[in-house]
Amino acid sequence: MAMTNEREVERYVEDILKDLGYKEINYQGSNDKNIQRLLKSKSGGKAGRGKPEFTVKLNGISSDLLIIEIKKDAKYHESKNSYKDVFDEVDVNNLIAKDYAVDGVVHYMASVMKEYNAIGVAVSGSCKDTLKISTFVTKKGKIARLKNQALLSAKDYIKLIHQNDYQPNEAIIIANIQKELPILHNELRDMMKLSEQEKPLLISACLLALQEESFVISYKSKTNKEALSSYTLNTIENTLVHTLQVAKDKADMMMANFSFIRNNPNVIEHLKYILEKVCFLFDEFRFSETSYDVIGNFYNEFLKYTGGDKQGLGIVLTPRHITELFCDLAEINVDSVVLDTCTGTGAFLISAMKNMIDKANGNSAIIERIKKSQLIGIEQNPHMFTLACSNMILRHDGKSNMFHGSCFDVNIQKQVKALKPTVALINPPYSQKDTKESELAFIKQSLDMLQPNGKLVAIVPISCAIEMSSIRIEQRQNILKSHTLDAVFSMPDELFYPVGTVTCIMVFTAHRPHGQLVIDTINNKPVEVVKPTRPTFFGFWKDDGFVKTKTQGRCDKYGKYAGILQRWLDAYRLGIVQNGFTAKEYVNERMEWCCEAYMTIDYASITQDVFEQQILKLMAYELLNKQGVRYG
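Residues numbered from 1 in each chain as written. Predicted model: local features only at pLDDT ≥ 70, side-chain atom pairs only at ≥ 80, totals over all residues. Heavy atoms only, no water.

K.L.:
Before we go on, may I ask you to explain the sheet that holds strand 1 (residues 26-27) in this structure?
P.N.:
Backbone hydrogen bonds hold the strands of a sheet together, and the pairing may be parallel or antiparallel. One open sheet holds the seven strands; their spatial order is 1-2-3-5-6-7-4, and the pairing between them is mixed. Looking at the sheet topology across the chains shown, the edges are occupied by strand 1 and strand 4 (86-87). Sheet topology places strand 4 next to strand 7 (residues 142-146); two bridges connect them, and they run antiparallel. Opposite F87, over in strand 7, you have I143 as the bridge partner. This element, helix 1 (residues 6-19), spans strand 1, strand 2 (54-57), strand 3 (64-71) and strand 5 (117-124) of the sheet and lies at about 150 degrees to strand 3. The strands touched by helix 5 (residues 154-162) are strand 3, strand 5, strand 6 (132-139) and strand 7; relative to strand 5, the strand with the most contacts, the crossing angle is about 120 degrees. (Pairing = 2+ DSSP bridges. Helix = DSSP H or I, 4+ residues; strand = E, 2+ residues; numbered from the N terminus. Contact = heavy atoms within 4.5 Å. Axes fitted to C-alpha atoms, helices over the stretch in contact; angles between N-to-C directions.)

Spelled out as structure tokens, the structure:
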């Protein structure tokens, strides 16, 4: 809706401020004599003559101040001189304060910053739906630009003014944790004699107990080892039941899975040492500000030491850059309600929560709503359920919408549907013997629980996309009858290294049929086939830039992934078809769902070096598989 003059824009902004709870809003300057004394005019800089559209004392009588400057036309939002993230005194002198909203608000902030902490907001535009908003804060004698693009409550602005500037380097902290994991694993194995399942449970229990400040202060003074064990469990139970008000049945299950801490004499003997180590490792780690799946990575590390296929409980944990990619593919926003029907340790929910909170622009009401009602997890394995709950609780959310059980349970389905999920992000258990709980069955069940036009993103073995057994065809047809296959992306062969599973990512739209059922003739027999009404997008995303290293496993060592990700997303969002990279095709359940089947090979890109490398790879494969190599 358009607004015809600047005063109408001002009234609109004033209404928003009142809705946010502001009461004493000063118009065209300030009623406070000291503030008005400091405000300099935009033309000439004469003290006491400045008149920003609105000023508000955020704490009533304290030194926190909100200043708002408004321009009706968005082309006067900011001058080229204000294209900066940080302004010092020289920068302020070069601003065109009279003509531009950003320049004006920064000018006013500079006027008062010696005596007041200030949040400055520049607003421009003539349409309510497309108002442009920039936010700034005074910090240590300078004025810094913030990411916020919406008007916030006084409480949120005060938080922005006083938040700690110190930002620990997450990459360094995570690298240190990763470096320590093998050592920690050996200590849990050799000193405590813990099983693979118990090791991550103990770490999550330690992290939960260490969230209590009183525990951090006092646990070292406990000299009786049995008393420390009881104190640790009592602290966790008190946190779950009284502080976080976790439902009793969930809290009881978690405490039952932690009971070995009280019963295992080896754990009791060495518990203080492990607590001290975990406390040291995570001293600066900010759980609420990262998508790093701490407990999942502990679990992953410990699986490396198990035998067999290293898939432990049949669960393959998803790499962090893929959980974040899922959020982009599903186009998650602050109103999304995200479901994971096979939650594992909660990696997808953690990434979704981080993505939505980042988009909330610091609005505490939206962030609280996201944490309280927009994350839904279902996990059948009791140990995994405990780890997932711990992971979410460490981020102060998710406790109320975690379901212990199967997504194929009708009662759980009813409860989940009532929460109206709009997005599903899943990595279902692979190679289950029961076809009723196959990867495609998880996809179908998850889609059925979504709201109409909801998005599902799943990563599954490539066999789900190309296998032509009667069971697979029937499963794919059951999905396409009700839901649309939007896209399929072929992923790197070693994505789950060291687990050897080749995968693809599928994207669906819920409750919109892929096409119409028609009768076709196959092998001289009439057969029902879904006739697609729209093409599916295919991506050949085999190279994510990651390489295997001795100490960090598979990682983005050369920093290539950000550029590759942008290329992937641009191609998908714009529907770009490119030789050797993407394709579009009308597919049904009897056709291969993979890019390799439809993309045009770009032979011009095959150089002599590429050809020779492929020959060498083939020779190495033949040798490793004892097939022999013929030369000449």
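So, next bit.
K.L.:
Whenever I open this one, the packing of helix 9 (residues 225-243) against helix 10 (residues 248-257) confuses me. Can you help?
P.N.:
The axes of two packed helices give the description: the angle between them and the distance between them. The contact between helix 9 and helix 10 brings their axes to 10 Å, and the two run at 165 degrees. Compared by their axis directions, helix 9 and helix 10 come out roughly antiparallel. Handedness of the helix 9/helix 10 crossing: right-handed. Here L233, I236, E237, L240 and V241 of helix 9 come into contact with helix 10, specifically with A251, M254 and M255. (Parallel < 35°, antiparallel > 145°, perpendicular 65-115°, else oblique. Left-handed = near helix turned anticlockwise from the far one by under 90°.)

K.L.:
Whenever I open this one, the packing of aromatic side chains confuses me. Can you help?
P.N.:
The geometry of an aromatic ring pair comes down to the distance between the two centres and the angle between the two planes. Going through the model one piece at a time under the given rule, you end up with 17 aromatic pairs. Seen from their ring centres, F215 and Y231 are 5.0 Å apart, and the 35 degrees between their planes marks the pair as tilted. Of this pair, F215 sits in helix 8 (residues 213-218) while Y231 sits in helix 9, and the two are 16 residues apart along the sequence. Judged by centre distance (5.0 Å) and plane angle (75 degrees), the ring pair of F408 and F442 falls under edge-to-face. Of this pair, F408 sits in the loop between strand 10 (402-404) and helix 18 (410-418) while F442 sits in helix 19 (residues 439-449), and the two are 34 residues apart along the sequence. These aromatic residues form a ring-pair network of at least three members: F489, F537, W541, F546, Y561, W568 and Y572. Here the guanidinium or amino end of R7 rests over the ring plane of Y27, the centre of that ring lying 4.3 Å away. The ring of F581 has R567 lying over it, and the distance from NZ or CZ to the ring centre is 3.8 Å. (Phe/Tyr/Trp six-rings, centres within 6.5 Å; stacked < 30°, edge-to-face > 60°. Lys NZ or Arg CZ within 6 Å of the ring centre and 35° of its normal.)

K.L.:
Looking at this structure, I do not really get helix 15 (residues 347-359). What am I missing?
P.N.:
Owing to its 3.6 residues per turn, the α-helix brings residues three or four apart onto one side. Along its 13 residues, helix 15 runs 19 Å from first to last C-alpha, staying within 8% of the 18 Å computed at 1.5 Å per residue. Summarising burial for helix 15: ten of the 13 residues are buried, a large majority. Taken as a whole, helix 15 has its buried residues at A347, F348, L349, I350, S351, A352, M353, N355, M356 and I357. A positive backbone phi angle near 55 degrees is found at N361, which sits one or two residues after helix 15. (Expected span 1.5 Å × (residues − 1). Buried < 20%, exposed > 50% of the residue type's maximum accessible area, 1.4 Å probe, protein only.)

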